[in-house]
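Given next are the chains, with one letter for each unit.
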Amino acid sequence: MSSQKVAVKSKPNNLIAGATGDWEVIIGLEVHAQVASNAKLFSGAATAFGAEPNSHVSLVDAAMPGMLPVINKECVAQAIRTGLGLKAEIHLKSVFDRKNYFYPDLPQGYQISQYKQPVVGEGEVEIDADGETLRVGIERLHLEQDAGKSLHDQHPDYSYVDLNRSGVALMEIVSKPDLRSSKQAQAYVTKLRTILRYLGTCDGDMEKGNLRADVNVSVRKPGDKLGTRCEIKNVNSIRFIGQAIEVEARRQIDIIEDGGKIDQETRLFDSVKGETRSMRSKEEAHDYRYFPDPDLLPLELTQDYVDGLKVKLPELPDEKRARFIKTFGLSAYDADVLVAERSSADYFESVANGRDGKLAANWVINELFGRLNKEGKDIETCPVSAQQLGAVVDLISSNAISGKIAKDLFEIVWTEGGEPAEIVEKRGMKQVTDTGAIEKAVDVIIASNPDKVEQAKAKPSMLGWFVGQVMKATGGKANPAAVNDILKAKLGI
């Protein structure tokens, strides 16, 4: 896939104003996604989060003498699934390399990673940002092992090391420098996270560090050659990614406009102070002295194996979005909201199948999601099942209940449970569709308010007041359409 195919045209509203004119920010991301696997990349040690320090460490993870790595087949399969989900080239032969650097939480003194021959090559991710649909190029995806964690706040004089993460499988997904704004970068990570979660290859939990990004930022005058980039390490929230880009771009612009130059370096983002600060000079590939790991043979795959994984992939967000728009007549916005999480999309589809898709979407997005957000719940902990919400939609569609009654019914189902149709029957919540009964209520309201009648004849918008009075008199059970028709006839509007 050529970079030209996925090139992104910057729009004027993406430019950043400086003292000497407008500047363009160039962004590339290296996203580290923890592979969803019960065991580590080269050992059988567990990967569960929250365990006691150093309780999930095998002899391989601790780099004891004579211990040899053995590749975890499922981690390889997860990387391939991810590559397929990113419409990327899968390399049937890849090589594991040693990336040499020394740090207390890296027991081997090197990291097993992939350099020149990664398992996944070029792909792309489609995003909607800054008012347009953009294709962001993927440079590569490679597998590597995570390091451990240094703890500096446990003792006034010593640092401690927890090796539970040592050897955990990571997918490093490297984008091309195709992003031109913080909003685009946030949209990209959000979309990437959604794809990973649909595939089941990474849970995307940024709070646990299971998805984090190194953000490369440079600035230039529009049309100029690329500027010197700085890398902001380990940004662990989508909100912080946006903030880090904004402050780093402004820092670089200010330095250049003051006559200085940008040093290529690695920086950290301080979300409290809203600034980036220098961590170390940026390493180049030769600094790591890469060479093929002598303990691991090249990874060789067959096309049949890759095709077998491809056949079993789930429907991905873009395809599901297009199908929802076509099948259920949804707006692009509603479809985007519904496909953001696979569980939400599945829930909606259960509610919508065989029913009015737009009505179902309205209830899932506005009533259900609104209530879930208010109470801090998600679809997995939702007290109203798709079958129950579908039954509410059925009652509205059949005119058994009005929209107002439906909201009361939803509240009962949410707090008490039960079968919606039975609740409506037992509690006398059925909508009054008998025009004779509605007509009687209308006559009473008209007879009691002669002054309002005259006002309504002169100002038809007053009809709403009469509708409200009739609905109040009937306990909200009167069919609103029938009430409107009868009132218009009676008042001669």
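Worth saying up front: this structure is predicted, and the values here are computed from it rather than measured.

The rules behind these values
- Residues numbered from 1 in each chain as written.
- Predicted model: local features only at pLDDT ≥ 70, side-chain atom pairs only at ≥ 80, totals over all residues.
- Heavy atoms only, no water.
- Helix = DSSP H or I, 4+ residues; strand = E, 2+ residues; numbered from the N terminus.
- Buried < 20%, exposed > 50% of the residue type's maximum accessible area, 1.4 Å probe, protein only.
- Areas by Shrake-Rupley, 256 points an atom, 1.4 Å probe, with all protein chains shown as cover.
- Lys, Arg positive; Asp, Glu negative; His and termini not counted.
- Charge placed at Lys NZ, Arg CZ, Asp CG, Glu CD.
- pLDDT = per-residue confidence, 0-100.
- Contact = heavy atoms within 4.5 Å.
- Patch = residues over 30% accessible without salt bridge, like charges linked within 9 Å, V, L, I, M, F, W, Y side chains within 5 Å.
- Salt bridge = Lys/Arg side-chain N within 4 Å of Asp/Glu carboxyl O.
- Polar contact = N/O pair within 3.5 Å; in protein donor to acceptor, adjacent residues only side chain to side chain.
- Pairing = 2+ DSSP bridges.
- Axes fitted to C-alpha atoms, helices over the stretch in contact; angles between N-to-C directions.
- Parallel < 35°, antiparallel > 145°, perpendicular 65-115°, else oblique.
- Left-handed = near helix turned anticlockwise from the far one by under 90°.
- Nonpolar A, V, L, I, M, F, W, Y, C, P; charged D, E, K, R; others polar.
- Phe/Tyr/Trp six-rings, centres within 6.5 Å; stacked < 30°, edge-to-face > 60°.
- Lys NZ or Arg CZ within 6 Å of the ring centre and 35° of its normal.
- Expected span 1.5 Å × (residues − 1).

Some details on the overall build of the protein chain
- Within the protein chain one finds 15 helices and 16 strands.
- Taken over the C-alpha atoms alone, the protein chain extends approximately 95 × 55 × 55 Å along its principal axes.
- Residues classed as buried in the protein chain amount to 48% of the 493 residues present.
- A total of about 24000 Å² of accessible surface is found on the protein chain, and carbon and sulfur atoms cover 50% of it.
- Once the 63 positive and 72 negative side-chain charges of the protein chain are each reduced to a mean point, those two points are 3 Å apart.

Comments concerning the confidence of the model for the protein chain
- Averaged over all residues, the pLDDT of the protein chain equals 93, while 97% of them reach at least 70.
- Across residues 1-11, confidence stays below pLDDT 50; counting only partners more than four residues off in sequence or on other chains, it has 28 contacts.

A word on a nonpolar patch on the surface
- A cluster of nonpolar residues, Leu59, Met64 and Met67, forms a patch on the protein surface that exposes about 270 Å² of accessible area.
- With respect to the element layout, Met64 can be found in the loop between strand E2 (21-34) and helix H1 (73-85).

Let's talk about the side chain of Ser166
- Note on placement: Ser166 falls in the loop between strand E9 (160-162) and strand E10 (169-175).
- Within polar-contact distance, the side chain of Ser166 engages the backbone oxygen of Asp61 at 3.3 Å.

With respect to the sheet that holds strand E5 (residues 110-113)
- Overall, antiparallel pairing links the three strands, which are arranged E5-E4-E15 in an open sheet. A strand with exactly one partner marks an edge of an open sheet, and here the two such strands are E5 and strand E15 (291-292).
- Relative to E5, strand E4 (residues 97-100) is paired through four bridges, and the arrangement is antiparallel. Among the inter-strand pairings, Asn100 is bridged to a residue of E5, identified as Tyr110.

Some points on the packing of helix H14 (residues 463-473) against helix H15 (residues 480-491)
- Closest axis-to-axis distance for the H14/H15 pair is 10 Å, and the angle between their directions is 125°. Relative to H15, the element H14 is oriented oblique. Of the two elements, H14 crosses H15, and the hand of that crossing is right-handed. Residues Leu463, Phe466, Val467, Val470 and Met471 of H14 form the contact with H15, whose own contacting residues are Pro480, Val483, Asn484, Leu487, Lys488 and Leu491.
- By residue class, the composition of the contact of H14 with H15 is nine nonpolar, one polar and one charged.

Some points on the packing of aromatic side chains
- Taken as a whole and assessed by the stated rule, the structure comprises eleven aromatic pairs.
- Site record: aromatic cluster; members linked through ring pairs are Tyr101, Tyr115, Tyr288 and Tyr290.
- In this arrangement the basic side chain of Lys99 is found over the ring face of Tyr288, its NZ or CZ atom lying 4.4 Å from the centre.

Here we look at helix H9 (residues 386-397)
- If you check H9, its first and last C-alpha atoms are 16 Å apart, about what twelve residues at 1.5 Å a residue would give, namely 16 Å.
- Buried residues dominate H9, accounting for nine of its twelve residues.
- By the burial criterion, the buried members of H9 are Ala386, Gln388, Leu389, Gly390, Ala391, Val392, Val393, Leu395 and Ile396.
- Along its buried surface, H9 packs onto helix H7 (342-352), helix H8 (357-375), helix H10 (403-416) and helix H11 (420-426).
- Directly beyond the C-terminal end of H9, a positive phi value near 65° is found at Asn399.

Considerations on the packing of helix H5 (residues 317-328) against helix H6 (residues 332-339)
- Relative orientation of the contacting elements H5 and H6 amounts to 135°, with a least axis distance of 9 Å. On the basis of the axis angle, H5 is oblique to H6. At the point where H5 passes H6, the crossing takes the right-handed sense. From H5, Pro317, Lys320, Arg321, Phe324 and Ile325 reach across to H6, where they touch Ala332, Ala335, Asp336, Leu338 and Val339.

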